Amino acid sequence: MNVPLLDVNAQNHPIGDELRAAFDSVLSTGRFIMGEEVEKFEASAAQYLGVKHAVGVSSGTDAILLALMALGIGQGDEVICPSFTFFATAGCISRTGATPVFCDSHLDSYNIDFDSAESCVTERTKAIIPVHLFGQSADMDACQVFAKKHDLIVIEDTAQSMGARYGSQYCGSIGDFGTYSFFPSKNLGGLGDGGLLVTQDDALAETAIKMRNHGMHPRYYHQLVGGNFRLDALQAALLNVKFAHYADYISGRQNNAAYYLEQLQGLPGLVLPSVEQGNEHIWNQFTIRVLDGKRDAFKQALLDDGIGCEIYYPVPMHQQQCFADVVNHEQSTCTNTELLAKEVISIPVYPELKRAQQDIVIDAMRAFFK
Ligand SMILES: *Cc1c(COP(=O)(O)O)cnc(C)c1O
């Protein structure tokens with residue numbers, strides 16, 4: 001039996017009739033841009049996350065870009081983000097004309113280390129983008145203290161953690177803006193690209209909503225330069241169907257992660273992911289560390305056994321070619337990040353993964369780490 005890293009068909013095919021009905025409904029209205037389905041999705045997301053404003057957008061990347069644009073961040077500004085993240089976090093900072101400044105992450109939670117962020121602050125620093133990586137919240141108390149101390153805006157990159165909690169609060173609802181992605185591999189996986197931007201601030205929401213549609217208000221009067229960051233009606237309709245099942249998708253991942261954590265304890269050379277106290281982890285990825293330089297051999301062993309796995313992420317942002325000119329190596333050192341890039345690997349944890357498939361993964365791991 002093959003064990004894929006992710007099986008979107010196992011999630012979407014059982015609700016195929018619901019999805020097709022949603023498609024037919026949009027097809028029959030003939031309204032494909034914005035409209036009721038988008039509004040319905042925004043309202044349910046806002047209620048779920050406990051936020052005042054939820055703005056459907058075209059992708060998780062565009063959500064970050066739109067947040068930065070709505071905050072007026074641009075040339076001459078610096079924005080701090082972890083080096084250990086997906087490219088979009090850093091790429092959006094650059095696209096506004098601002099400079100990304102990369103800080104280190106913790107080895108246990110894989111999340112941003114706010115102590116390391118201290119050395120990144122200059123008089124140009126305007127904002128910080130903590131990333132809730134792999135389904136677990138960053139340390140948001142430390143984030144708030146840090147942001148307050150340096151008078152910084154906070155944008156939470158919650159692409160991998162919609163529904164994860166920090167204490168009683170949902171990730172993405174704590175900072176000035178929270179951004180989410182519905183890329184098919186995220187916990188709420190769409191059938192294409194999609195994203196969401198949330199905020200508790202009325203004025204920021206108003207600006208973001210205008211900028212989502214070319215800064216236009218009223219029609220053909222442009223007060224601001226925005227872009228086309230709109231969410232499709234079709235995608236919103238499909239997301240409305242999937243959102244109704246979201247609690248099951250999350251608990252499926254949580255059950256699978258709990259089984260791994262129980263079955264894989266104490267294997268030499270393997271570091272299991274840790275859940276920080278007070279966090280509810282939603283396991284977008286189950287990411288382990290393989291010690292002693294054996295990560296690539298371990299990856300090959302899994303692939304030889306027909307087990308899907310992936311390295312998120314092999315090249316830290318501060319070592320990316322496109323940022324060679326902006327990285328100030330005196331300002332930030334990212335030693336943990338460099339180690340993580342060599343040691344991490346993610347194994348299948350998707351909700352529809354069967355126990356028998358998990359046992360195959362577990363057996364392969366016991367055979368490797370002995
Ligand atoms: C997926 C992801 C994004 C980008 O989301 P898209 O919808 O693919 O544009 C941004 N940040 C992180 C951390 C992600 O994992």
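Going by the structure above, here's the rest.
All of the points below concern the structure found in this document. (Residues numbered from 1 in each chain as written. Predicted model: local features only at pLDDT ≥ 70, side-chain atom pairs only at ≥ 80, totals over all residues. Heavy atoms only, no water.)

Here we look at the overall build of the protein chain
The helix and strand tally for the protein chain stands at 13 helices and 13 strands. Against the compact-globule benchmark of 21 Å for 370 residues, the protein chain has a radius of gyration of 21 Å, which places it among compact chains. Each principal axis of the C-alpha distribution contributes one length, and for the protein chain these read about 65 × 55 × 35 Å. Taking all 370 residues of the protein chain together, 55% fall into the buried category. Relative to all contacts within the protein chain whose residues are 6 or more apart in sequence, the contacts with residues 24 or more apart total 70%. For the protein chain, the exposed surface amounts to about 15800 Å²; the carbon and sulfur share of it is 50%. Between the averaged position of the 26 positive side-chain charges in the protein chain and that of its 44 negative side-chain charges there is a distance of 3 Å. (Helix = DSSP H or I, 4+ residues; strand = E, 2+ residues; numbered from the N terminus. Rg over C-alpha atoms; globule rule 2.2 N^0.38 Å. Buried < 20%, exposed > 50% of the residue type's maximum accessible area, 1.4 Å probe, protein only. Contact = heavy atoms within 4.5 Å. Areas by Shrake-Rupley, 256 points an atom, 1.4 Å probe, with all protein chains shown as cover. Lys, Arg positive; Asp, Glu negative; His and termini not counted. Charge placed at Lys NZ, Arg CZ, Asp CG, Glu CD.)

Remarks on the pattern of salt bridges
All chains considered together, the criterion is met by 9 salt bridges. Notably, a salt bridge pairs K52 with D202, separated by 3.0 Å at the nearest N-O pair. With a gap of 150 residues between them, K52 in the loop between α3 (36-49) and β1 (53-57) and D202 in helix α8 (residues 202-212) connect regions that are remote in the sequence. Taking the relative accessible area as the measure of exposure, K52 reaches 51% and is therefore exposed. Between E280 and R165 there is a salt bridge, with the nearest N and O atoms lying 2.8 Å from each other. A residue pair is termed long-range when its members are at least 10 positions apart, and E280 in strand β11 (residues 279-280) and R165 in strand β6 (residues 165-166) qualify at 115 residues. By relative accessible area, which is 28% here, R165 ends up partly exposed. (Salt bridge = Lys/Arg side-chain N within 4 Å of Asp/Glu carboxyl O.)

Let's talk about unusual backbone geometry
For the bond running from H217 to P218, omega is -10°, close enough to zero to count as cis. In this fold, P218 is placed in the loop between α8 and α9 (233-243). Phi at F134 is positive, roughly 65°, even though this residue is not glycine. Considering the arrangement of structural elements, one finds F134 in the loop between β4 (125-128) and α7 (140-150). Given the relative accessible area of 2%, F134 is considered buried. Even without being glycine, Y220 reaches a positive phi, approximately 70°. Relative to the helices and strands, Y220 is located in the loop between α8 and α9. According to the relative accessible area criterion, Y220 is exposed, its value standing at 61%.

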